[in-house]
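For reference, the chains in residue letters:
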Amino acid sequence: MNKSFKFVDLFCGIGGFHQALKSFGGECVFAADIDDNCDSLYKINYGQNCKNDITQVNERDIPEHQVLCAGFPCQAFSKAGKRAGINDARGTLFFDICRILQHHKTKYIILENVRNLFSHDDGNTWKIIQTLLQDLGYRLTAKPLILSPHQFGIPQFRERVYILGIYDPQNVNLPLDINLPLLLSKERNDIFDIIKEPVDKKYYINEYEEKVLHTWDEFYQGINLKVIGFPVWYDYFKEEACDSLPTWKKEFVIKNNSLYQENKEFIDKWEKKHNYLKDFKPTHRKFEWQAGKKIKSIWEGVIQFRPSGIRVKTPDLFPALVAIVQIPIIGKYKRRLTPRECARLQSFPEDFVCDINDLQAYKQFGNSVNVDIIKTLFNELRKF
């Protein structure tokens with residue numbers, strides 16, 4: 001491919017694909033997203049409008065291009081397995097990708113989706129996507145690539161499915177042989193590479209959150225179990241596992257009963273000291289230790305306040321940026337990641353302008369593709 005080429009950025013969000021392809025000299029000739037906040041940010045960072053509803057856009061009005069990128073939503077297909085051609089995709093947003101490809105015969109495609117695309121709708125979704133793209137003349141990799149930033153030396157575990165294709169109607173049954181570079185092992189990741197102090201005080205945990213974490217850290221230090229392989233539910237320490245509970249929940253209750261009995265003397269003093277956790281929100285009366293023996297304190301880990309409880313993980317990788325209410329907390333600094341640090345986890349450059357609304361920024365980076373992964377994939381794809 002020539003150094004100068006044109007691409008379209010569908011379901012573009014804040015332009016993760018755009019960032020990657022412009023680094024190779026690409027020119028974005030069309031972008032589409034229905035989110036007003038993303039449109040505002042797209043204009044600021046790229047000088048381009050992206051407020052287009054792809055379902056209302058005529059494919060003939062989209063300029064000629066050599067690459068189509070899309071982080072499309074995952075939807076079920078109503079006629080899965082019936083090989084009804086492009087009609088199989090009608091009613092889904094993937095249909096809009098197909099009609100654009102059918103008209104333009106775009107040379108290269110890079111699609112991204114969630115990890116469970118394979119199992120979605122009992123496997124029918126992937127089956128139809130594969131068939132549709134091949135029927136449109138695209139050679140694909142033998143199977144989609146499942147990749148995470150941590151494999152590229154970026155301290156975030158976020159597995160996503162990537163579908164690569166090249167328009168080659170004569171060889172649709174010949175898989176693309178993508179020779180990915182040797183991936184970095186997660187042992188070489190370091191979350192502190194993206195951390196830069198100091199930050200605004202608003203990112204630090206509040207007094208209540210610090211109290212909750214101190215309480216659970218004291219609990220962890222005092223019990224005789226250091227590798228906890230089940231969620232700790234304070235409210236079930238003394239509750240019997242009644243037969244009406246689902247089997248999985250009954251097993252957890254039994255384990256919590258045992259944990260209490262084995263540590264009764266300590267836990268009785270601990271709960272009394274902390275007013276039987278009456279000041280805690282219901283979800284904060286639950287605790288998940290997922291750090292094995294690699295760390296010895298909550299404050300050494302990466303923490304999330306989740307609906308399932310307080311979760312503690314090892315400080316080598318951040319969990320996936322997916323929910324604005326679960327922004328990871330760096331135990332060492334007693335604060336949450338900033339939007340700029342989230343930008344680094346998604347490999348956006350330092351001069352990228354983030355949304356001034358933190359909640360919007362967290363959401364946008366959580367929905368974005370990782371720029372460095374797309375760079376790597378496109379670099380391989382363009383060799384064909």
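Preceding this section is the structure that the text describes.
Residues numbered from 1 in each chain as written. Predicted model: local features only at pLDDT ≥ 70, side-chain atom pairs only at ≥ 80, totals over all residues. Heavy atoms only, no water.

### Describing the overall build of the protein
Selection criterion: The numbering of helices and of strands both runs from the N terminus, where a helix is a DSSP run of H or I of at least 4 residues and a strand a run of E of at least 2. Two residues form a contact once any of their heavy atoms are found within 4.5 Å. The charge count includes Lys and Arg as positive and Asp and Glu as negative, but it does not include His or the ends of the chains. A charge is said to be at NZ when it belongs to Lys, at CZ for Arg, at CG for Asp and at CD for Glu.
Check the secondary structure of the protein and you find 10 helices and 15 strands. For the protein, the C-alpha atoms occupy an extent of roughly 75 × 50 × 40 Å along the three principal directions. Within the protein, counting contacts between residues at least 6 apart in sequence, those at least 24 apart form 66% of the total. Mean positive and mean negative side-chain charge positions of the protein (54 and 49 charges, respectively) differ by 2 Å.

### Section: the packing of aromatic side chains
Using the following cut-off: Paired rings are identified among Phe, Tyr and Trp, the last through its six-membered ring, by centres lying within 6.5 Å, and are further divided according to the angle between planes into stacked (under 30 degrees), edge-to-face (over 60) and tilted (the rest). A 1.4 Å probe rolled over the protein chains alone gives each residue an accessible area, and that area as a share of the maximum for its type sets the label: buried under 20%, exposed over 50%, partly exposed in between. Two conditions define a charge sitting above a ring: the NZ of Lys or the CZ of Arg must be within 6 Å of the ring centre, and it must be within 35 degrees of the ring normal.
Applying the stated criterion to the full structure yields 25 aromatic pairs. Between the aromatic rings of Tyr234 and Trp270, the centroid separation amounts to 6.0 Å while the plane-to-plane angle is 70 degrees, which identifies the pairing as edge-to-face. With Tyr234 in the loop between strand S9 (232–233) and helix H6 (247–262) and Trp270 in helix H7 (residues 264–273), this residue pair connects regions lying 36 residues apart in the sequence. As far as the burial class goes, Tyr234 and Trp270 line up, both buried. One aromatic cluster is present, formed by Trp216, Phe219, Tyr220, Tyr234, Phe237, Tyr260, Trp270, Phe287 and Trp289 through successive ring pairs. A cation over an aromatic ring shows up here: Lys226 above the ring of Tyr220, its NZ or CZ 4.6 Å from the ring centre. Its guanidinium or amino end placed over the ring of Phe192, Lys332 lies 4.8 Å from that ring's centre, counting from NZ or CZ.

### A few points about the pairing of strand S3 (residues 67–70)
We apply this condition: When DSSP finds at least two bridges between two strands, those strands are taken to pair.
Neither face of S3 is open: one carries Val67 and Cys69, the other Leu68 and Ala70, and all of them are buried. Pairing of strand S1 (residues 5–10) with S3, which is carried by 4 bridges, proceeds in the parallel orientation. In the sheet register, Asp9 faces S3, and the bridge partner there is Cys69.

### Description of the pairing of S1
Moving residue by residue along a regular strand, the side chains alternate between the two faces of the sheet. The following threshold applies: By convention a crossover is right-handed if, when the strands point away from the viewer, the path from the first strand over the helix to the second runs clockwise.
With 5 of 6 residues buried, S1 is to be regarded as a mostly interior element. With 6 bridges joining them, S1 and strand S2 (residues 26–32) adopt parallel strand pairing. Following the sheet pairing, Phe7 is matched in S2 by Cys28. Traced from S1 through helix H1 (residues 16–22) to S2, the parallel crossover comes out right-handed.

### Here's the deal with helix H4 (residues 124–135)
For an α-helix, the turn length of 3.6 residues means that residues three or four places apart are oriented alike. To keep it simple, the criterion reads: Helices are assigned an expected span. That span is 1.5 Å times one less than the residue count.
Between its terminal C-alpha atoms H4 stretches 16 Å, which fits the 16 Å expected from 12 residues at 1.5 Å a residue. Residues of H4 that are buried sit in contact with helix H3 (93–104), strand S4 (108–114), strand S5 (138–140) and strand S8 (160–167). Positive phi shows up at Gly137, right after H4, with a value of about 100 degrees.

### A short note on the state of the cysteines
Using the following cut-off: In this description, the term disulfide denotes a pair of cysteine sulfurs within 2.5 Å.
One pass over the structure, following the stated rule, counts 0 disulfides. You can see Cys12 has no disulfide; the closest cysteine sulfur is in Cys50, sitting 3.7 Å from it. Taking the relative accessible area as the measure of exposure, Cys12 reaches 7% and is therefore buried. For the unlinked cysteine Cys354, the closest cysteine sulfur is that of Cys342, found at 8.7 Å. When its relative accessible area of 15% is taken as the criterion, Cys354 is described as buried.

### So, the pattern of salt bridges
Where we set the bar: One speaks of a salt bridge when a side-chain nitrogen belonging to Lys or Arg is within 4 Å of a carboxyl oxygen belonging to Asp or Glu.
With the rule as written, the count across this model stands at 22 salt bridges. Measuring nitrogen to oxygen at the nearest pair gives 3.3 Å for the salt bridge that ties Asp279 to Lys211. With Asp279 in the loop between H7 and strand S10 (286–290) and Lys211 in helix H5 (residues 207–222), the pair connects residues that are 68 residues apart, well separated along the chain. By relative accessible area, Asp279 is classed as partly exposed at 44%. The exposure class of Lys211 is partly exposed, given its relative accessible area of 38%. Its salt-bridge partner being Lys264, residue Asp268 comes within 2.9 Å of it at the nearest N-O pair. Of this pair, Asp268 and Lys264 are both found in helix H7, 4 residues apart, which corresponds to roughly one turn of the helix.

### What about the sheet that holds strand S14 (residues 329–330)?
Strand-to-strand pairing in sheets goes through backbone hydrogen bonds, with the strands running parallel or antiparallel. Let me state the cut-off plainly: Inter-axis angles, ranging from 0 to 180 degrees, are taken between N-to-C directions of lines fitted to C-alpha atoms, where helices are fitted over the stretch in contact.
Strand order in the open sheet formed by 6 strands is S9-S10-S12-S11-S14-S15, and the pairing between neighbours is mixed. Unpaired on one side and paired on the other, S9 and strand S15 (335–336) mark the two borders of the sheet. Relative to strand S12 (residues 309–313), S10 runs parallel, the two being bridged by 4 bridges. Directly across from Gln290, in S12, lies its bridge partner Lys313. H5 rests against S9, S10, strand S11 (302–306), S12 and S15 of the sheet, and its axis sits at about 115 degrees to S11.

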